Amino acid sequence: MKRLIVSLVMSAFSMSSIAQEGPTMGWSSWNTYRVNISDTLIKRQASALIQKGLKDVGYTYINVDDGFFGFRNEQGQMVPHPQRFPRGMKTLADFIHSLGLKAGIYSDAGAVTCGSIWDNDSNGIGVGLYGHEEQDAKLYFRDWGFDFIKIDYCGAGQELDLDEKERYAQISRAINKVGASDVKINICRWAFPGTWAKELATSWRISGDITDSWDSVKEIVEKNLPLSAYCSDGHFNDMDMLEIGRSLTESEERVHFGLWCLMSSPLLIGCDMATISDKSLSLLKNEELIALNQDHLALQAYPVQANEGTYVLVKDIVKRRGTTRAVALYNPTNESRHISIALHELELEGKTAIRDLFNHKQLEPVNDSITADVTPHDVAIFRIESERRIEPKCYEAEWAFLPLYNDLGKRKKEVLYASNEHASVGRVVTMAGGSRENSIVWNNVYSQHGGDYLMKIRYVPKPKSGIEVIVNESPIPVPGLEQTGQFSSIVIPVRLNAGNNCVEMTCSTMWMPDIDNFELEKR
Ligand code: GLA
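Residues numbered from 1 in each chain as written. Predicted model: local features only at pLDDT ≥ 70, side-chain atom pairs only at ≥ 80, totals over all residues. Heavy atoms only, no water.

Draft legend 1. Up close: the sheet that holds strand 13 (residues 324–331). Reading across from one edge, 11-12-13-19-16-17 is the order of the 6 strands in this open sheet, with antiparallel pairing throughout. Both outer strands of the open sheet, strand 11 (302–307) and strand 17 (361–366), are each paired with one neighbouring strand and no more. For this sheet, the mean angle separating the axes of adjacent strands, direction not counted, is 25°. As paired strands, strand 13 and strand 19 (residues 378–385) are joined by 8 bridges and run antiparallel to one another. By the bridge assignment for strand 19, T324 is matched with E385. (Pairing = 2+ DSSP bridges. Helix = DSSP H or I, 4+ residues; strand = E, 2+ residues; numbered from the N terminus. Axes fitted to C-alpha atoms, helices over the stretch in contact; angles between N-to-C directions.)

This is the structure we're talking about:
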């Protein structure tokens, strides 16, 4: 009875936020097979996914990546590769669906595929979506019945130098026009494309291609650390397909899978599932980690501490601003590290239960801090449940939403998150300001009861710079800033409403100094 009451209370809490569909889970052909695919190979993998019990824990997509293209016929219609897919793509999608799975396909925003450039696949020439948007959308989704598409950019970028936002918008319009608006779209432009991506896609790649190596895993995590603000409402930063079950060490696989889960990346297995080792398979089937990835809040963990090369990441699960959180103590360095974080830094207080999600083990409860000795290239991931949630004291630049942010590197002097060894969690936001729109926004600045606070803004002085602070759309006066020196700070009084507040920093007339964070102290 007690359990029933607890679960009723829990579900009442959960209903307070809208449940989101989690990141895409499944398998994709690229990492192991590149363009050397065929319908027998894909069918074998689809069957292996079922046999290995992966479908039972949530992996449902079988995604055909580059390599299925044949040629365009006289009507411009895409014909699949006659030797690799002799029975056509509809038969394959039907087979995948008959197993209770979903089917994904691949194309390019330009005329040629990446495989035609990098893998000498001459069948990839002229088969991209360019000039055939509606025709291909109708074929792939209406005629063949695919449910997902990854849209690459080699043809559009390298060959045609098209504008990303316009190009993906055109393709999305064509997909909607043929009545396939429920198809999941993945933007594959190898960098965070811009805040517009959320309107057009369910996920977008944030990095170049992953490789089967530790350096690659580490680099992608680094890239994604400051991007949690762009993961929202069921739209996700894509850290790329998984290299689990290939040549990473056991601890590196833990980092790879654990952080892809915690950071809510799509989970697309990239190995041969028929021959995967038991160890890697059981990692991919760790339901406690998958639960973090598929949690209905659909949030991405963000960094709260950086120390001697290690990071602590955290996110809410179950309920926003509740007492249950998921935490990672991550050691990407080449030496063992003792990592410790005070509970109040995690906004928690009181007796705290800790569950180790790799070892499925409940640890001794703590009252003050969470600690672990973490070996090189490894991570500990915990689900923690505390007695009380306390008000956050500090908001970092790497948690902020930058409306004009993209990582395309096409324009000079664009706003970005930049490494700074003296910044509190390792990064500052630089090149904000210069126009009202080029701002830094924290949407969830929380005050339990509302009231008067002192806001202390930590920044790196810059000549001829200024800050305008806007709280819930009201401008707050900010005195003149230091223009030279290392880090500096300025304190201003602000009034917050009870609940979530929006804090924005910008400067319409000058650049802003680099911003590290701001702290709040109740008056
Ligand atoms: C690009 C993508 C990869 C893969 C290949 C296919 O490199 O980023 O994920 O799809 O193209 O050629």
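Draft legend 2. Quick peek at the site of the ligand. Taken together, 13 residues are adjacent to the ligand, and D65, D66, K150, D152 and D209 come closest. Within the backbone of G115, one N or O atom sits 3.2 Å away from an oxygen atom of the ligand. At 2.5 Å, a side-chain N or O of D209 approaches an oxygen atom of the ligand. Alone, the ligand offers 310 Å² of accessible surface; in the complex the protein occludes 95% of this. (Near = heavy atom within 4 Å. Polar contact = N/O pair within 3.5 Å; in protein donor to acceptor, adjacent residues only side chain to side chain. Areas by Shrake-Rupley, 256 points an atom, 1.4 Å probe, with all protein chains shown as cover.)

Draft legend 3. Structural view of the pattern of salt bridges. Under the counting rule described, the total for this entry stands at 31 salt bridges. In this structure, the salt-bridge partner of E347 is R389, at a minimum N-O distance of 2.8 Å. One end of the pair, E347, is in the loop between strand 14 (337–342) and strand 15 (348–349); the other, R389, is in strand 20 (residues 388–389), and 42 residues separate them in sequence. Each member of the pair, E347 as well as R389, is classed as buried. A salt bridge links D452 to R495; its shortest N-O distance comes to 2.9 Å. Here D452, found in strand 25 (residues 451–460), pairs with R495, found in strand 28 (residues 488–496); they are 43 residues apart in sequence, far enough to count as distant. Connected through shared salt-bridge partners, D316, R321, R325, E347 and R389 make up one network. (Salt bridge = Lys/Arg side-chain N within 4 Å of Asp/Glu carboxyl O. Buried < 20%, exposed > 50% of the residue type's maximum accessible area, 1.4 Å probe, protein only.)

Draft legend 4. Broad picture of the sheet that holds strand 24 (residues 440–447). Sheet architecture is open: 4 strands sit in the order 24-29-26-27, paired in antiparallel fashion. The outermost strands of the open sheet, each flanked by one partner alone, are strand 24 and strand 27 (474–476). The average angle at which neighbouring strand axes cross in this sheet is 30°, direction not considered.

Draft legend 5. Expanded view of the environment of Y230. Within the secondary structure, Y230 sits in the loop between helix 10 (214–224) and strand 9 (236–238). Considered as a pair, Y230 and L402 are 172 residues apart in the sequence and their alpha carbons are 8.9 Å apart. In contact with Y230, other than residues within four places in its own chain, are F192, T195, W204, H235, N237, A400, F401, L402, Y405 and Y417. A distance of 2.9 Å separates a polar side-chain atom of Y230 from the backbone nitrogen of L402. (Contact = heavy atoms within 4.5 Å.)

Draft legend 6. Highlighting the state of the cysteines. The tally for this structure, following the rule as stated, stands at 1 disulfide. Across a sulfur-sulfur distance of 2.0 Å, C114 and C154 are joined as a disulfide pair. Negative torsions about the S-S bond denote left-handed disulfides, and the value of about 100° found for C114 with C154 makes this one right-handed. Of this pair, C114 sits in helix 5 (residues 114–118) while C154 sits in helix 7 (residues 154–159), and the two are 40 residues apart along the sequence. For C114, a relative accessible area of 11% translates into the label buried. Distance from the sulfur of C261, which forms no disulfide, to the nearest cysteine sulfur (C231) is 13 Å. Its relative accessible area of 0% is what places C261 among the buried residues. As a non-bridged cysteine, C394 has C502 as the owner of its nearest cysteine sulfur, 17 Å distant. (Disulfide = S-S within 2.5 Å.)

Draft legend 7. Broad picture of helix 11 (residues 250–262). Between its first and last C-alpha, helix 11 extends 18 Å over 13 residues, near the 18 Å set by a 1.5 Å rise per residue. The element helix 11 is largely enclosed, with a buried count of 11 among its 13 residues. Residues of helix 11 that are buried: S251, E252, E253, V255, H256, F257, G258, L259, W260, C261 and L262. Residue S264 follows helix 11 closely and has a positive phi angle near 55°. (Expected span 1.5 Å × (residues − 1).)

Draft legend 8. Region of the structure containing the side chain of R389. Take R389: its relative accessible area is 14%, and that puts it in the buried class. Here G322 takes part through its backbone oxygen, which lies 2.9 Å from a polar atom of the side chain of R389. A polar contact is formed between the side chain of R389 and the side chain of E347, at a distance of 2.8 Å. Apart from residues lying up to four places away in sequence, R389 is in contact with D316, R321, G322, T323, R325, E347 and L348.

Draft legend 9. Structural view of the packing of helix 3 (residues 39–51) against helix 4 (residues 88–98). Running from N to C, helix 3 and helix 4 point in directions that differ by 10°, and their axes come no closer than 10 Å. The pairing of helix 3 with helix 4 is recorded here as roughly parallel in orientation. Across from D39, I42, K43, A46 and S47 in helix 3, the residues of helix 4 making contact are L92, F95 and I96. Its residues placed into classes, the contact of helix 3 with helix 4 shows 5 nonpolar, 1 polar and 2 charged. (Parallel < 35°, antiparallel > 145°, perpendicular 65-115°, else oblique. Nonpolar A, V, L, I, M, F, W, Y, C, P; charged D, E, K, R; others polar.)

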